[in-house]
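Descriptive analysis of the structure
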Amino acid sequence: MQRIKSLMTRQGLKSPPESLSDVGAIESLRVPGKEEFRELREQSSDPQAEQELINSIEQVYFSTDSFDIVKYELEKLPPVLNLQELEEYRDKLKQQQAAVSKKVADLILEKQPAYVKELERVTSLQTGLQLAAVICTNGRRHLNIAKEGFTQASLGLLANQRKRQLLIGLLKSLRTIKTLQRTDVRLSEMLEEEDYPGAIQLCLECQKAASTFKHYSCISELNSKLQDTLEQIEEQLDVALSKICKNFDINHYTKVQQAYRLLGKTQTAMDQLHMHFTQAIHNTVFQVVLGYVELCAGNTDTKFQKLQYKDLCTHVTPDSYIPCLADLCKALWEVMLSYYRTMEWHEKHDSEDTTSASEGSNMMGTEETNFDRGYIKKKLEHGLTRIWQDVQLKVKTYLLGTDLSIFKYDDFIFVLDIISRLMQVGEEFCGSKSEVLQESIRKQSVNYFKNYHRTRLDELRMFLENETWELCPVKSNFSILQLHEFKFMEQSRSPSVSPSKQPSSTSSKMVTLFEQYCSGGNPFEIQADHKDEETEDVLASNGYESDEQEKGAYQEYDSDSDVPEELKQDYVDEQTGDAPVKSVSRETLKSRKKSDYSLNKVNAPILTNTTLNVIRLVGKYMQMMNILKPIAFDVIHFMSQLFDYYLYAIYTFFGRNDSLESTGLGLSSSRLRTTLNRIQESLIDLEVSADPTATLTAAEERKEKVPSPHLSHLVVLTFGDTLYGLAERVVATESLVFLAEQFEFLQPHLDAVMPAVKKPFLQQFYSQTVSTASELRKPIYWIVAGKAIDYEQMLLLMANVKWDVKEIMSQHNIYVDALLKEFEQFNTRLNEVSKRVRIPLAVSNILWEHCIRLANRTIVEGYANVKKCSNEGRALMQLDFQQFLMKLEKLTDIRPIPDKEFVETYIKAYYLTENDMERWIKEHREYSSKQLTNLVNVCLGSHINKKARQKLLSAIDDIDRPKR
């Protein structure tokens, strides 16, 4: 009711009594009857209608409480009152009042459950408060009762406690006497249990107690016996200390150290410990080697036990050499691990002792403890290097006992892996670079690797000479990391990436071997399973995986947006060899498809079995380099020789042609020629037999070289139908390009292990050799282009053409049709070859470029052979060339046409005057003297005098003189 009243107040309505008092001036007030209220309720039963009525109420009714509603309504009355209008307005107000009342009632009913629930909560809270008051009252009453009873009980407890303390003191005295009587038996038991601190503590306490109760005759004889027992304990402590060297046990070592600390001989214990470690190293290696020597000897002869360790190592057989080395390193690891754990123990306990000492107040004891701690720390740090030096000398002696050159490559790599792991252990052990081991193994590794590399070069020559340059079918996703030889890169990827290229998130602290195997295991146990049992899955099941997968790939899509990005990228990559362009239109793909002979092939790498063998060799070389980084430079140098020899063989087989350089087209760059000359001088042995009179130095140099390889007689490069061995040339050249790409992929890894002073060699190898592999395409494919088209026949046909015609011709000459027919035939043969081998777009573009360039230069040469030529003849030349270009553009998508300007500029030179001709000759030195001389004789010969002609010919001769 209060809310209703408040709502009425906000709307300007007053309570009934107040309203009646305010309208006292009104004589009659018509109150609606029950029927009218029923009608209003029926009309307002619709919520939307009720809301509209409420919304129709004037805003002034919702103003402040001071608003006089009666006055407001009276002031609104018109001067002339109309009863019907007043009744209608009154009914409207009633409807609005009824809607407001119903709305208020609805709101009250809506909040009624919440009100009831809240009232229940208040009642429950009141009940809970009353219960709490009762509990508090009872608690206070019980506390008072407990307080009164506790005072009496506590006094009784104190009295009993006093009696208990007196009895405990008495019992302690009795136990002391009993202990003194049974001390010998207990000490013997504690020594058998290896409880050295307890035994010493007990012995010292007994001595102290004996001195206290020495006036008793029953314990006076114990003093001398306790002293003898104490000396016996020290001897057993020394034996217990020696056991730490091979199998460190924290509890055992803690007891030993506590015992020495009780004796006050911690420094003596540390000196003894280092002597035991030195002796343990010697005894361990001797016993391991002796065990294998006696096992292989097969008898019980004891003569080996009298040999020195150095002599004993020479009796290890090759079959047992690697297992013995592994066990030797395992045993030495146990010794070094024990020393490492010993240092850890002291570091941990020193920090604890420092903390406890800082809380104490005995300054004299603290200074003495700090002195002992400093001595132990220095002794342990110095012992690291000493222990590691002893280990290195023992292993070096073992390595020198056998010639490692007798082992196969895998076994030799296994030996290197063990030694490399041992050197890693040494570096983590004391920060040493293992100079003793490095120098020893480096000499043997370099000698072994030289012989191994020489054998591999001879094998490579044999492979190359027997290679038929057939495609080795590998999968399209082939990667060298799938080969066994490169599995180590996945296991140790971090060294292959320079620190600057590694993400910062991966720069977490590396776990050392000591941390990894501290709780168990041995880093040399994993070497036992050094064979990778996984099978390689790099070869395709039948040549190309699916020749139909991408056949007509670009015709399957209705719009350029439907063409997958990977198809666009593959296309552009093949065309340029560089990073792919972001977008290529479908029309461009369609138009260029006519010269792309590889669309019907899966984009698998082009390589041969020999290429795969070279890659495997590189993997083996990198394994050795990764295991033994000090010989990284030698290994990379030998790796570069593998690539050099492969590149030189490809050039010798398919690219050597003395007539190439005479064309003046710059097919071989100066960098490529320099690289080939360097390889020939440093690696290729061009002499057939050794000269007996040659010096020893020359013989040694020849020993480092390899004979030049010869192409297999099974490879035929003279058949025109096969485009003069184009398939073999493509496989050979592109396999070299693929090999260069793999070397580029491996460059970060090689750069990471290469010593800083030797990195210029690696950079030079990549910039001057690896990067020139793709440059071999031009001279190799130039030979095919030079034979694929019959240019001599075209010159003969051009020689039969009459160029001094008197009228402008509308028909081109037949030599154009003959040349175009040659190109069509070339295109057909190229398609046939592409069925055997995928021809990358870059290769087909080079072939077409070479052929077109040769054709255009042949055209110019044919025009230079013209004896007579009229203006109409020159127009005929232009007609022929334009016809050739128009038909040629339908066969190839190469734009612009190579050497197009070369021909057009030459034809236009026929129209030059004498002065222009002299300047033109000086500017265009790309033409031969014969071609320039023909221009002077044929073009200007008819309308210039002899002196002017001689002047031009002299200018031509001056240009040609430096070329001679």
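The numbering scheme is per chain: residues are counted from 1 as the chain's sequence reads. Local features in this predicted model are restricted to residues whose pLDDT is 70 or higher, and side-chain atom pairs enter the listing and the counts only when it is 80 or higher, whereas totals over whole chains, interfaces and linings include all residues. Excluding hydrogens and water, the side-chain figures rest on all heavy atoms present in the structure.

1. Brief notes about the overall build of the protein
The numbering of helices and of strands both runs from the N terminus, where a helix is a DSSP run of H or I of at least 4 residues and a strand a run of E of at least 2. In terms of helices and strands, the protein carries 34 helices and two strands. Within the protein, the proportion of its 964 residues that are buried is 41%. Relative to all contacts within the protein whose residues are 6 or more apart in sequence, the contacts with residues 24 or more apart total 80%. Between buried and exposed lies partly exposed: a residue is buried under 20% and exposed over 50% of the maximum accessible area for its type, with that area taken using a 1.4 Å probe on protein chains only. In this analysis, two residues are considered to be in contact whenever any of their non-hydrogen atoms come within 4.5 Å of each other.

2. Concerning the nonpolar core
By size, the foremost hydrophobic cluster in this structure holds 227 residues, and its most contacted members are F823, Y863 and F884. Per-element tally for this core: the top contributor is helix α12 (residues 318-359), with 17 residues. Contact partners of F823, with chain neighbours within four places excluded, come to I789, W848, C851, I852, A855, F884, L888 and L891. Counting residues in each nonpolar core, the second largest holds nine residues, with I57, I69, V100 and V104 among its members. Here, the term nonpolar core denotes a set of buried Ala, Val, Leu, Ile, Met, Phe, Trp, Tyr and Cys residues that are joined through side-chain atoms within 4.5 Å.

3. Re unusual backbone geometry
Each neighbour pair has its own omega, and for R895 with P896 the value is -5°, a cis peptide bond. Tracing the backbone through its elements, the reader meets P896 in the loop between α30 (871-891) and α31 (900-908).

4. Some thoughts on the pattern of salt bridges
Side chains that differ in sign of charge can pair as their charged atoms come close. Every case where a carboxyl oxygen of Asp or Glu lies within 4 Å of a side-chain nitrogen of Lys or Arg is listed as a salt bridge. All chains considered together, the criterion is met by 29 salt bridges. A salt bridge links E459 to R456; the nearest nitrogen and oxygen atoms lie 2.6 Å apart. Here the residue E459 and the residue R456 both occupy positions in helix α15 (residues 435-466), the gap between them amounting to three residues, near one helical turn. Residue classification places E459 among the partly exposed positions, given a relative accessible area of 29%.

5. Observations concerning the packing of aromatic side chains
For this analysis, a ring pair means two rings from Phe, Tyr or Trp (six-membered ring only for Trp) whose centres lie within 6.5 Å, classed as stacked if their planes differ by under 30 degrees, edge-to-face if by over 60, and tilted for the remaining angles. For the structure on display, the rule yields 38 aromatic pairs. When the ring of F277 is compared with that of Y339, the centres are 5.0 Å apart and the planes differ by 75°; the resulting orientation is edge-to-face. Taken together, the residues F277 in helix α10 (residues 266-297) and Y339 in helix α12 connect sequence positions 62 residues apart. Here F633 and F761 contribute two aromatic rings whose centre-to-centre distance is 5.4 Å and whose plane-to-plane angle is 75°, an arrangement assigned as edge-to-face. With F633 in helix α21 (residues 632-655) and F761 in helix α25 (residues 759-768), the pair connects residues that are 128 residues apart, well separated along the chain. Taking relative accessible area as the criterion, F633 reaches 24% and is therefore assigned partly exposed. F761 sits in the partly exposed class, given a relative accessible area of 26%. Members of the aromatic cluster, joined through ring pairs, are F277, W333, Y339, Y340, F429, F514 and Y517. We count a charge as sitting over a ring when the NZ of a lysine or the CZ of an arginine lies within 6 Å of the ring centre and within 35 degrees of the ring normal. The ring of Y452 has R456 sitting right over it, with the charged end atom 4.3 Å from the ring centre. Seen from the ring of Y911, R874 lies directly overhead, with NZ or CZ sitting 5.2 Å from the centre.

6. What about helix α27 (residues 791-799)?
Residues Y791, M794, L795, L797 and M798 constitute the buried set of α27. Looking down the long axis of α27, one finds its buried residues gathered within 165° of arc, a one-sided arrangement. With respect to the buried face of α27, the exposed residues turned more than 90 degrees away are E792, L796 and A799. Looking at the buried residues of α27, the elements they touch are α26 (777-788), α28 (814-836) and α29 (841-864). Pairing of N or O atoms within 3.5 Å defines a polar contact, subject to two protein rules: one partner must be a possible hydrogen donor and the other a possible acceptor, and residues neighboring in sequence count only if both atoms are side-chain atoms. Regarding α27, its N-cap is D790, as a side-chain oxygen of that residue lies 3.5 Å from the backbone nitrogen of E792 further along. Here, the arc refers to the directions that run from the helix axis to the C-beta atoms.

7. Structural notes on the packing of helix α24 (residues 726-753) against α28
At a minimum axis separation of 9 Å, α24 and α28 run at an interaxial angle of 55°. Classified by the angle between their axes, α24 and α28 sit oblique to one another. The way α24 lies across α28 gives a crossing that is right-handed. Residues L726, A727 and E728 of α24 lie in contact with α28, whose contacting residues are L830, V833 and R836. Each residue receives one of three labels: charged for Asp, Glu, Lys and Arg, nonpolar for Ala, Val, Leu, Ile, Met, Phe, Trp, Tyr, Cys and Pro, and polar for the others, Gly being one of them. For the contact of α24 with α28, a count of residues per class yields four nonpolar, no polar and two charged. For helices, the fitted line uses only the C-alpha atoms of the stretch in contact; every axis is such a line through C-alpha atoms, and the angle between N-to-C directions lies from 0 to 180 degrees. Reported orientations rely on four angle classes, namely roughly parallel under 35 degrees, roughly antiparallel over 145, roughly perpendicular from 65 to 115, and oblique for the rest. Two helices cross in a left-handed way if the nearer one is turned anticlockwise from the farther one by less than a right angle. They cross in a right-handed way if the turn is clockwise.

8. Description of the environment of F514
Relative to the helices and strands, F514 is located in helix α17 (residues 513-516). Looking at F514, the relative accessible area reads 1%, which means it is buried. A C-alpha to C-alpha distance of 7.9 Å links F514 and V425, two positions 89 residues apart in sequence. The contacts of F514, once residues within four sequence positions are left out, are W333, M336, L337, Y340, V425, E428 and F429.

9. Here we look at a negative patch on the surface
On the surface, E344, E347, E381 and E515 cluster together to form a negatively charged patch. Looking at the element boundaries, E515 is found in helix α17. A patch is a set of surface residues, each over 30% in relative accessible area and not in a salt bridge, joined within 9 Å for like charges and within 5 Å for the nonpolar side chains Val, Leu, Ile, Met, Phe, Trp and Tyr. For every accessible area listed, the method is Shrake-Rupley and the probe measures 1.4 Å; residues are considered covered only by the protein chains on display. Only four residue types enter the charge count: Lys and Arg as positive, Asp and Glu as negative, with His and the chain ends excluded. Here the site of a charge means NZ on Lys, CZ on Arg, CG on Asp, or CD on Glu.

10. Considering the packing of helix α20 (residues 609-627) against α21
Relative orientation of the contacting elements α20 and α21 amounts to 170°, with a least axis distance of 9 Å. Considering the angle they form, α20 stands roughly antiparallel to α21. Contacts from T610, T611, V614, L617, V618, Y621, M622 and M625 of α20 reach α21 at A632, V635, I636, F638, M639, L642 and Y646. Of the residues assigned to the contact of α20 with α21, the class counts are 13 nonpolar, two polar and no charged.

11. Observations concerning the side chain of T858
Following the sequence through the fold, T858 ends up in helix α29. Take T858: its relative accessible area is 11%, and that puts it in the buried class. A distance of 2.6 Å separates a polar atom in the side chain of T858 from the backbone oxygen of L854. Among residues more than four places away in sequence, those in contact with T858 are Y791, M794, L795 and M798.

12. Some words on the environment of L202
Position of L202 relative to the elements: it lies in helix α7 (residues 196-212). For L202, a relative accessible area of 12% corresponds to the buried category.

13. Here's the deal with the confidence of the model for the protein
The predicted coordinates of low-pLDDT regions are not to be read in fine detail. One number per residue, pLDDT, summarises how confident the predictor is, and it ranges from 0 to 100. On average, the protein scores 78 in pLDDT, and the residues at 70 or more come to 77%. Element-level pLDDT for the protein is lowest in helix α18 (residues 565-576), with a mean of 39, against a maximum mean of 93 in α24. Predicted confidence for residues 493-508 stays below pLDDT 50, and this span has ten contacts to residues more than four positions away or in other chains. Note on residues 527-533: pLDDT under 50 across the span, and nine contacts to partners over four residues away in sequence or across chains.

14. Description of the side chain of S440
Structurally, the position occupied by S440 is in helix α15. Residues within four places of S440 in sequence aside, it is in contact with K396 and L400.

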